[in-house]
Structures are given as structure tokens and as C-alpha cells.
Amino acid sequence: MVRMSAEERRESVIRAATSEFAQGGFYGTSTEAIAQRVGVSQPYLFRLFPGKKAIFLAVAERCLEDTRKVFVEASDGLHGEEALHAMAEAYMQLIADHPEKLQMQLQVYVAVAAAEAAGDHEFGKMVRKGWLELWDAVHLPLGGDVSETTTFMAYGMLINALAGMGFPPGHRIWDGFYISARLKEGREGA
């Protein structure tokens, strides 16, 4: 049997923690549940990450980075409306294929709000940095137009909220969205 390197184990922790945090949030997820999902002991988990907060931050950062990559890859070589529709389509496919990514995003926003209210600004600082990178990934293909970027991101947040509430594909709530920004069939839990 081939042993995993620490980096491979770290990746498996991030994947497992994504599923756990997506379901239970920061406060409702135990490090024991994450360790069990990965198949390691809690002490080993803490050799890879100094604590639960570090694990959550790594997962949040990965979630934002994965979304940014989706936008970058979808808009490669495109500009304006073509880029907008390609990015919208790719994002809708991402949350259809990986609903835990959407659930994790929603959990990240809740954790940031709770942390900020408690005076802990570390979550918010990292998430704001990641969000600015998302903004920039969208802003450039949309021609550097602040209004277009704002509208795209606003629609994205509305999509997150509607999909998070479980409005199914085909529901009339999606009628006002352009086709590339409508929830796709096959999304689990919809």
C-alpha cells in the first residue's frame, strides 16, 4: 500500500472538510467528523492544520479559488456579453455538479458575519481578498465595466440565495434570468 504524503493528506482533509462544513457550518462541524471522513486521527489532523479555524479558512480559500478558476477558464479569449454568458453557464454548471461548493459559499458568508460580529476579522480579511480576486476575474472579461461587473456579481449572489433555498429548475423564480444563469436540471436537493 502506498502512503500518502502530508500534502496529499492535506488535500484529502480539504475535500472532506468541504463536505462537512458545507453541511454543518463552522460552528456545527467537529474536527472529529472531519478526521473520521478522512480516515485519520484528530492528533494527525492537527499536525496538518493547527486547528479547526485553519481548516475552515483553507476550505473557504479553496472554494473561492475554484470559483475564480471557473470564471477564468470559461471566459478565456472571450469579452463582453460572450464572456458574461460563458461565465454564468460555467458557474451554474459548477453548482449543479458540485452542490457542496454552493453550500460552502453560503456557510463562509455566515461564518464571516458571525466572526466579524465577535470582533474576529481573520475570516473576513481572507474572504474579502478572495472575493476581490473573483471580482477581478469577472471584471476584466466584461471590459472593465464596473456596472456590468456589479450586475454580474449581484445576479450571482441572487442565484446563490435562490439555489440555496431550493428553488428547483423550471420554477417561475428563474424566468427573469437569462438562460445561461438559470439553475440546471439535476441539482441534488433542488
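Structure: see above.
Thresholds applied
Residues numbered from 1 in each chain as written. Predicted model: local features only at pLDDT ≥ 70, side-chain atom pairs only at ≥ 80, totals over all residues. Heavy atoms only, no water. Helix = DSSP H or I, 4+ residues; strand = E, 2+ residues; numbered from the N terminus. Rg over C-alpha atoms; globule rule 2.2 N^0.38 Å. Contact = heavy atoms within 4.5 Å. Areas by Shrake-Rupley, 256 points an atom, 1.4 Å probe, with all protein chains shown as cover. Lys, Arg positive; Asp, Glu negative; His and termini not counted. Charge placed at Lys NZ, Arg CZ, Asp CG, Glu CD. Core = buried A, V, L, I, M, F, W, Y, C linked by side-chain atoms within 4.5 Å. Buried < 20%, exposed > 50% of the residue type's maximum accessible area, 1.4 Å probe, protein only. Axes fitted to C-alpha atoms, helices over the stretch in contact; angles between N-to-C directions. Parallel < 35°, antiparallel > 145°, perpendicular 65-115°, else oblique. Nonpolar A, V, L, I, M, F, W, Y, C, P; charged D, E, K, R; others polar.

A. Structural context of the overall build of the chain. Across its full length, the chain carries 8 helices and 0 strands. When the helices and strands of the chain are read in sequence order from the N terminus, they spell out α-α-α-α-α-α-α-α. Rg of the C-alpha trace for the chain: 18 Å, near the compact-globule value of 16 Å for 190 residues, within the 12% margin. Each principal axis of the C-alpha atoms in the chain carries an extent, and together these give about 50 × 40 × 30 Å. Once local pairs closer than 6 in sequence are excluded, the contacts in the chain between residues at least 24 apart make up 60%. Of the roughly 10000 Å² of accessible surface on the chain, a fraction of 55% belongs to carbon and sulfur atoms. Both charge centroids of the chain, one from 19 positive and one from 25 negative side chains, sit 8 Å from each other.

B. View of the nonpolar core. Core analysis: the biggest nonpolar cluster contains 56 residues, and F21, I55 and F152 have the highest contact counts within it. Listed by contribution, the elements that provide at least two residues to this core are α1 (6-24), α2 (31-38), α3 (42-48), α4 (52-75), α5 (80-97), α6 (99-117), α7 (122-139) and α8 (146-164). Top contributing element to this core by residue count: α4, with 11 residues. Not counting residues within four places of it along the chain, the set of residues in contact with F21 comprises F26, T29, I34, K52, I55, F56, V59, M104 and Q107.

C. Quick look at the packing of α4 against α7. Where α4 contacts α7, the axes come no closer than 9 Å and their chain directions differ by 5°. Judged on the interaxial angle alone, α7 and α4 are roughly parallel. Residues K53, F56, L57, A60, E61, L64, E65, T67, R68, F71 and V72 of α4 pack against E122, F123, M126, V127, G130, W131, E133, L134, A137 and V138 of α7. Considered class by class, the residues forming the contact of α4 with α7 number 13 nonpolar, 2 polar and 6 charged.

All quantities given are derived from atomic positions and should not be read as evidence of function.
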